[in-house]
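So the chains spell out like this:
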Amino acid sequence: MLFVALCHDKPGHVDLRMSTRPAHLAWLEKHGASVKLGGPFIENDKPVGSMLILETPDEASARTLLAEDPYAEAGLFERVELRAWRRVVGAEL
């Protein structure tokens with residue numbers, strides 16, 4: 001199943017995001033089979049959150065994977081929305 005994760009940073013936490021970024025990128029690389037697409041949301045030229053498209057067997061697996069993200073472990077996110085998603089048009093993931 002595909003899931004979209006919308007991860008909203010806590011306000012004023014750009015420094016935490018940047019200091020945790022190398023570990024986050026390593027986590028993305030390690031989980032490349034499950035993390036199909038992702039990137040930051042930008043406001044005023046600064047990252048304020050992330051969007052990830054995950055492919056996991058079920059929602060529980062997606063939540064477990066997201067909880068292991070160094071950004072989540074560091075307490076960067078104010079909230080995370082997770083929604084089941086179906087690709088209809090565009091590139092195969």
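Here the structure is a predicted model, which means the values were calculated and not measured. (Residues numbered from 1 in each chain as written. Predicted model: local features only at pLDDT ≥ 70, side-chain atom pairs only at ≥ 80, totals over all residues. Heavy atoms only, no water.)

(A) View of the nonpolar core. Grouped together as the largest cluster of nonpolar side chains are 14 residues, with contacts concentrated most on Ala-5, Val-35, Leu-52, Leu-54, Leu-66 and Leu-82. If you list the elements that add at least two residues to this core, you get strand S1 (2–9), strand S3 (46–55), helix H2 (59–67) and strand S4 (77–85). Dropping the residues within four chain positions of it, Val-35 is found in contact with Trp-27, Leu-28, Leu-52, Ile-53, Leu-54 and Leu-65. (Core = buried A, V, L, I, M, F, W, Y, C linked by side-chain atoms within 4.5 Å. Buried < 20%, exposed > 50% of the residue type's maximum accessible area, 1.4 Å probe, protein only. Helix = DSSP H or I, 4+ residues; strand = E, 2+ residues; numbered from the N terminus. Contact = heavy atoms within 4.5 Å.)

(B) Quick peek at helix H1 (residues 14–30). Here H1 spans 24 Å end to end across 17 residues, near enough to the 24 Å set by a 1.5 Å rise per residue. The largest bend along H1 reaches roughly 55 degrees and is located at Arg-21, with the proline Pro-22 sitting one to four residues downstream. Along H1, the residues classified as buried are Arg-17, Thr-20, His-24 and Trp-27. Of the surrounding secondary structure, the elements contacted by the buried residues of H1 are S1, strand S2 (35–43), S3, H2, helix H3 (70–73) and S4. (Expected span 1.5 Å × (residues − 1). Bend = angle between axes of the 7 residues up to and from the residue.)

(C) Representation of the sheet that holds S4. Spatially, S2-S3-S1-S4 is the arrangement adopted by the four strands of the open sheet, whose pairing is antiparallel. In this open sheet, the two strands that pair with only one neighbour each are S2 and S4. Along the sheet, successive strands turn relative to each other by an average axial angle of 15 degrees, direction set aside. Relative to S4, S1 is paired through eight bridges, and the arrangement is antiparallel. Looking across to S4, one finds that Ala-5 is bridged to Leu-82. Its contacts with the sheet place H1 against S1, S2, S3 and S4, and it is angled at close to 25 degrees to S3. Sitting on the sheet, H2 touches S1, S2, S3 and S4, and the angle it makes with S4 is about 150 degrees. (Pairing = 2+ DSSP bridges. Axes fitted to C-alpha atoms, helices over the stretch in contact; angles between N-to-C directions.)

(D) Looking closely at H2. Listing the buried residues of H2 in full gives Ala-62, Leu-65 and Leu-66. Along the long axis of H2, the arc covered by the buried residues comes to 100 degrees, so they all point the same way. N-cap assignment for H2: the residue whose side-chain oxygen lies 3.3 Å from the backbone N of Ala-60 is Asp-58. (Arc of directions from axis to C-beta. Polar contact = N/O pair within 3.5 Å; in protein donor to acceptor, adjacent residues only side chain to side chain.)

(E) Seen up close, the packing of aromatic side chains. Here the structure, examined in full by the defined rule, presents one aromatic pair. Considering the side-chain rings of Tyr-71 and Phe-77, the 6.1 Å spacing of their centres and the 90 degrees angle between planes classify their relative orientation as edge-to-face. Of the two residues examined, Tyr-71 and Phe-77, each falls in the buried class. (Phe/Tyr/Trp six-rings, centres within 6.5 Å; stacked < 30°, edge-to-face > 60°.)

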